[in-house]
Amino acid sequence: PKGTKALIDLLKNHDAAIQAASAEALANYADSEVKVRKEAFKALLDTIMPVKNTVDTSPTDQEARQRYDTISTPILGSMRRLTGHEETDFQAWQ
């Protein structure tokens, strides 16, 4: 659907609050066809992993930490809704 593409594009926004809001909105596609859910899931994973890797390798990077703290919960929630799985570790989703 058109809305999915717009939300996925917003995941690339420089503002973490906008990323978080778009991630949260993607959960509304949990009942969509598999192709749509996979596309949304991949975009969510592609958004969170670079930030998580930065936080893990550079614990003093406050900007990365703040972004991670803002986007991780909505992304995890949407990933769970899109897949029906209850993983809590982003590494496990890869």
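Check the entry above for the structure.
Residues numbered from 1 in each chain as written. Predicted model: local features only at pLDDT ≥ 70, side-chain atom pairs only at ≥ 80, totals over all residues. Heavy atoms only, no water.

Caption draft 1: Representation of the overall build of the protein chain in the model. Helix and strand content of the protein chain: 5 helices and 0 strands. Along the protein chain, helices (α) and strands (β) appear in the sequence α-α-α-α-α when read from the amino end. In terms of principal-axis extent, the alpha carbons of the protein chain reach across some 40 × 25 × 15 Å. Here the protein chain holds 94 residues, and the buried ones make up 40% of them. Contacts in the protein chain between residues at least 24 apart in sequence constitute 57% of all its contacts with a sequence separation of at least 6. About 5,600 Å² of surface is accessible on the protein chain, with carbon and sulfur atoms providing 50% of the total. Between the centroid of the 12 positive side chains of the protein chain and the centroid of its 14 negative side chains there is a distance of 6 Å. (Helix = DSSP H or I, 4+ residues; strand = E, 2+ residues; numbered from the N terminus. Buried < 20%, exposed > 50% of the residue type's maximum accessible area, 1.4 Å probe, protein only. Contact = heavy atoms within 4.5 Å. Areas by Shrake-Rupley, 256 points an atom, 1.4 Å probe, with all protein chains shown as cover. Lys, Arg positive; Asp, Glu negative; His and termini not counted. Charge placed at Lys NZ, Arg CZ, Asp CG, Glu CD.)

Caption draft 2: Region of the structure containing the packing of aromatic side chains. On inspection of all chains with the given rule, the structure shows 1 aromatic pair. Both rings, one in Tyr68 and one in Phe90, keep their centres 6.3 Å apart while their planes meet at 80°; by these two values the pair is edge-to-face. Taken together, the residues Tyr68 in helix α4 (residues 62–83) and Phe90 in helix α5 (residues 90–93) connect sequence positions 22 residues apart. An identical accessibility class is assigned to Tyr68 and Phe90; each is buried. (Phe/Tyr/Trp six-rings, centres within 6.5 Å; stacked < 30°, edge-to-face > 60°.)

Caption draft 3: Region of the structure containing the nonpolar core. Counting residues in each nonpolar core, the largest one holds 27 residues, and the members touching the most others are Leu26, Leu44, Ile48, Ile75, Met79 and Phe90. Counting residues per element, the ones that place at least two in this core are α1 (2–10), α2 (16–26), α3 (34–57), α4 and α5. When residues in this core are grouped by element, the largest group, 10 residues, is from α3. Beyond its immediate stretch of four places on either side in the chain, Ile48 contacts Tyr68, Ile71, Ser72, Ile75 and Phe90. (Core = buried A, V, L, I, M, F, W, Y, C linked by side-chain atoms within 4.5 Å.)

Caption draft 4: Spotlight on the pattern of salt bridges. On inspection of all chains with the given rule, the structure shows 6 salt bridges. Across the salt bridge formed by Lys52 and Asp56, the nearest N and O atoms sit 2.7 Å from each other. Residue Lys52 and its partner Asp56 are located together in helix α3, separated by 4 residues, close to a single helical turn. Given a relative accessible area of 12%, Lys52 falls into the buried group. Members of the salt-bridge network, linked through shared partners, are Lys5, Asp9 and Lys12. (Salt bridge = Lys/Arg side-chain N within 4 Å of Asp/Glu carboxyl O.)

Caption draft 5: Broad picture of the side chain of Lys52. Separated by 2.7 Å, the side chains of Lys52 and Asp56 make a polar contact. Residues in contact with Lys52, not counting those within four places in the same chain, are Tyr68, Asp89, Phe90 and Gln91. (Polar contact = N/O pair within 3.5 Å; in protein donor to acceptor, adjacent residues only side chain to side chain.)

Caption draft 6: Focus on the side chain of Ser72. Summarising the element assignment, Ser72 is placed in helix α4. Discounting chain neighbours no more than four positions away, the residues touching Ser72 are Ile48 and Phe90.

In short, the description is geometric, and any link to function would need to be established separately.
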